[in-house]
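Working through the structure, step by step
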Amino acid sequence: MGYTREEILQMVEEEEIEFVRMQFTDIFGQLKNVAITASQIEKAVSNQIMFDGSSIEGFTRVEESDQYLYPDLNSFTVFPWRPAQGRVARLICDVYNTDGTPFVGDPRGVLQRVLRRARDMGFDAFNIGPELEFFLFETDQEGRATTRTGDEAGYFDLGPLDQGESTRREICRMLEEMGFEIEASHHESAAGQHEIDFKYADALDAADKIMTFKLAVKSIARKNGLHATFMPKPLFGAAGSGMHLNMSLFRDGKNLFCDPSDPRGLSQTAYSFIAGLLEHVKGFTALTNPLVNSYKRLVSGYEAPCYKAWSASNRSALIRIPASRGSATRLELRSPDPAGNPYLAIAACLAAGLDGVERGLTPPPEIPGNIYEMDPATRSAFGIEALPRTLEEALEELKKDRLILDVLGEHVAAHYIAGKQREWEEYQTRVSSWEIERYLVAY
């Protein structure tokens, strides 16, 4: 529902809200906020809250640091996990310059620009249904995160094997209080791994919800003495955590990916969207899989896709078409992980698909077989290419993809690539525990 300024002022008073977090996201997907007291709420809803943008990596330089937070009034909500005394609410904000223009480095603005382009092409809505996986680990006596879990459960198992079941149930309840519609929650395949799926939403709302989801999961886990992590691959020998993105395009309330006359029930728009995703996936992998650690997940044997292919049923493919048809027809991109900035990742996916639609691209033939079991010669015969295998490779592909660079804009692209290159270079110089175990005694 939409709120007016007056309604928010009234709710802050009636709900006895003491603090309001003015939230925004940096280009690397880290949630930031300026916390204000309730006495400042009128300034907040009048776009008068200022902050120092030079203190946020990838934002502005010191000599041009002042920026304003323009709250999205529809995003007002109270954090239900906070105590009744000293209640805390939040507003999700866009970042603006002092002259009243949108800041080009605001990731939320990047997604809004691509959504405007979609509307200019005649598409009313781009819906995203995310599936986020995460781990719940124990903390030590000082409250620091470990990778220990007393959990021995497997895929879809219940308590008492599932030690995190009560925390996952509490997370679902709290999210529903914040307006989420939870469609499913269950234990995943690895010990301590969980998944909670919430109903699809328009792309901007979905990206906002992903950021809220991660905050809620971490906050409630910490309250219960656990550590929640969205790190893509925290454990060797176990499955990593993904964030599958289910996508669909609508016009006048009609799902444009559906065509009952097609053998697979897919429209030409859907096929072209698939082709666009496949054409640009290497270029946007640095956005959907942004960490050095992301590429420890994109390997054969753990259900994560690592090859460019699509299929109506095959879960080893990068893009899968779930069985539902009609208004529920959708494409599932299986490569993204939950460490990514959802605004940038979704913007890149939409722009890639729209490029395929605009150019009338046709995807390669569907791959029905298990790609993991194919040898290199068979994959080559089918024309199946590998996704980038390291963050360094992904950054090189991003630098070559003009469309994705244009989506990000010069400011975000330059700062994002520079920041991620520093991350890769630091990783390259670190000595790992594997190297110590392998080489210290032998050499």
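Figured I'd write up the structure that's included with this text. All of these numbers come straight from a predicted model, not from anything done at the bench.

**Let's talk about unusual backbone geometry**
With the exception of glycine, the majority of residues adopt a negative phi angle, and the majority of peptide bonds are in the trans configuration. Not every positive phi belongs to a glycine, and E16 is a case in point at roughly 55°. Structurally, E16 is set in the loop between α1 (5-14) and β1 (17-25). With a relative accessible area of 59%, E16 lands in the exposed category. Residue N47 is not a glycine yet carries a positive backbone phi of 60°. As for its position among the elements, N47 is in the loop between α2 (41-44) and β3 (49-52).

**Details of the layout of surface pockets**
By volume, the largest pocket amounts to about 770 Å³. Taken together, 42 residues make up the lining of the largest pocket; nearest its centre are E131, E195, D197, N246 and E332. Residue assignment for the lining of the largest pocket shows that the elements contributing at least two residues are β7 (125-138), β8 (182-187), β9 (193-198) and β12 (243-251). Top contributing element to the lining of the largest pocket by residue count: β7, with 5 residues. The residue inventory of the lining of the largest pocket, partitioned by class, reads 13 nonpolar, 15 polar and 14 charged. Each pocket or cavity is described by its volume, and for the second largest pocket that value is around 640 Å³. If you trace the second largest pocket, you find 20 residues lining it, with K233, N293, K296, Y427 and S432 closest to the centre. Mapped onto the lining of the second largest pocket, the elements with two or more residues apiece are α11 (402-429) and α12 (433-439). At 4 residues, the largest contribution of residues to the lining of the second largest pocket is made by α11.

**Quick word on empty space enclosed by the protein**
On inspection of all chains with the given rule, the structure shows 1 cavity of 30 Å³ or more. Quantified by volume, the largest cavity comes out at close to 70 Å³. Surrounding the largest cavity, Q23, F24, T25, L31, I92, C93, D106, R108, M211 and Y343 form its lining. For the lining of the largest cavity, the leading source of residues is β1, giving 3 residues. The residue makeup of the lining of the largest cavity, split by class, is 6 nonpolar, 2 polar and 2 charged.

**Concerning the pattern of salt bridges**
Across all of its chains, the model carries 23 salt bridges by this definition. When the shortest N-O distance is used, the salt bridge between D72 and R108 registers 2.8 Å. Here R108 lies in helix α3 (residues 107-120) and D72 lies in the loop between β4 (66-71) and β5 (77-78), a separation of 36 residues in the sequence. What makes R108 buried here is its relative accessible area of 2%. Among the ionic pairs, E332 bridges to R334, the shortest N-O distance being 3.5 Å. Using a relative accessible area of 1% as the deciding quantity, one classes E332 as buried. Each of D72, D94, R108 and D208 takes part in a single network of salt bridges with overlapping partners.

Rules used throughout
- Residues numbered from 1 in each chain as written.
- Predicted model: local features only at pLDDT ≥ 70, side-chain atom pairs only at ≥ 80, totals over all residues.
- Heavy atoms only, no water.
- Helix = DSSP H or I, 4+ residues; strand = E, 2+ residues; numbered from the N terminus.
- Buried < 20%, exposed > 50% of the residue type's maximum accessible area, 1.4 Å probe, protein only.
- 1 Å grid on protein atoms, 1.4 Å probe; cavity = no way out; pocket = protein on both sides within 12 Å on 5 of 7 lines; lining within 4 Å.
- Points joined across faces, edges and corners; volume = space filled by probe spheres on them.
- Nonpolar A, V, L, I, M, F, W, Y, C, P; charged D, E, K, R; others polar.
- Salt bridge = Lys/Arg side-chain N within 4 Å of Asp/Glu carboxyl O.

Geometry only, nothing functional implied.
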